[in-house]
Amino acid sequence: MTDAISSILSQIRAHEMRARGPLADAPAGTAINPQALRPDGVGRATGVQAPGFSQTLNNALDNVSRVQHESAELQKAFEMGDPRADLARVMVAMQQSSVAFKATAEVRNRLVQSYQDVMNMPI
């Protein structure tokens, strides 16, 4: 899950770098390589295109949903007396889904805060 959050945050930083455009203090006539501004190396001449921000966000949300669903299924199996669903596995699954949800909520809060900061910028 932390890999997904790191990926999302790096894409946010890359988007900020693209939104800023050419550096204001660069000498006139100096060509700036836009790929050099990207901290995550996305779009380099490797021939492999990394997923975009929305795709990464959707993948992260799908992963959280999957973890929560698996946790619920394991809880249900434990309540039904399934011998494969021991208490330790159920508790670990519940904690994983809780951490995944809290991390997603934190990313959402930071995105909302970033959006509000951008909207409150003077023109």
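Per an unreviewed UniProt entry, the protein carries the name Flagellar hook-basal body complex protein FliE and comes from Novilysobacter luteus. The heading Subcellular location (unreviewed entry) in the UniProt record of the protein holds the text "Bacterial flagellum basal body". Heading Sequence similarities (unreviewed entry) of the UniProt record for the protein holds this comment: "Belongs to the FliE family."

Asker: Hey, could you go over the pattern of salt bridges for me, with residue numbers and the actual values?
Answerer: Scanning the model with the defined rule gives 3 salt bridges in all. With a closest N to O distance of 3.1 Å, E70 and R66 form a salt bridge. In this pair, E70 and R66 are both assigned in helix α2 (residues 53–80), 4 residues apart and thus about one turn of the helix distant. Overall, R66 belongs to the partly exposed group, its relative accessible area being 42%.

Asker: Pulling in residues and values, what's your account of helix α3 (residues 87–119)?
Answerer: Between its first and last C-alpha atoms α3 spans 48 Å; for 33 residues at 1.5 Å apiece the expected length is 48 Å, and the two agree. Those residues of α3 that sit buried are V90, A93, S97, A100, A103, T104 and V107.

Asker: Please set out the nonpolar core residue by residue, giving values where relevant.
Answerer: Residues I5, I8, I12, A60, A103 and V107 constitute the largest nonpolar core, which totals 6 residues. Taken together, the elements giving at least two residues each to this core come down to α1 (2–20) and α3. Sorting elements by how many residues they give to this core places α1 first, with 3 residues. L74, A77, A85 and V90 belong to the second largest nonpolar core, which has 5 residues in total.

Cut-offs used in this document
- Residues numbered from 1 in each chain as written.
- Predicted model: local features only at pLDDT ≥ 70, side-chain atom pairs only at ≥ 80, totals over all residues.
- Heavy atoms only, no water.
- UniProt positions renumbered as here; feature names shortened; annotations may be inferred.
- Salt bridge = Lys/Arg side-chain N within 4 Å of Asp/Glu carboxyl O.
- Helix = DSSP H or I, 4+ residues; strand = E, 2+ residues; numbered from the N terminus.
- Buried < 20%, exposed > 50% of the residue type's maximum accessible area, 1.4 Å probe, protein only.
- Expected span 1.5 Å × (residues − 1).
- Core = buried A, V, L, I, M, F, W, Y, C linked by side-chain atoms within 4.5 Å.

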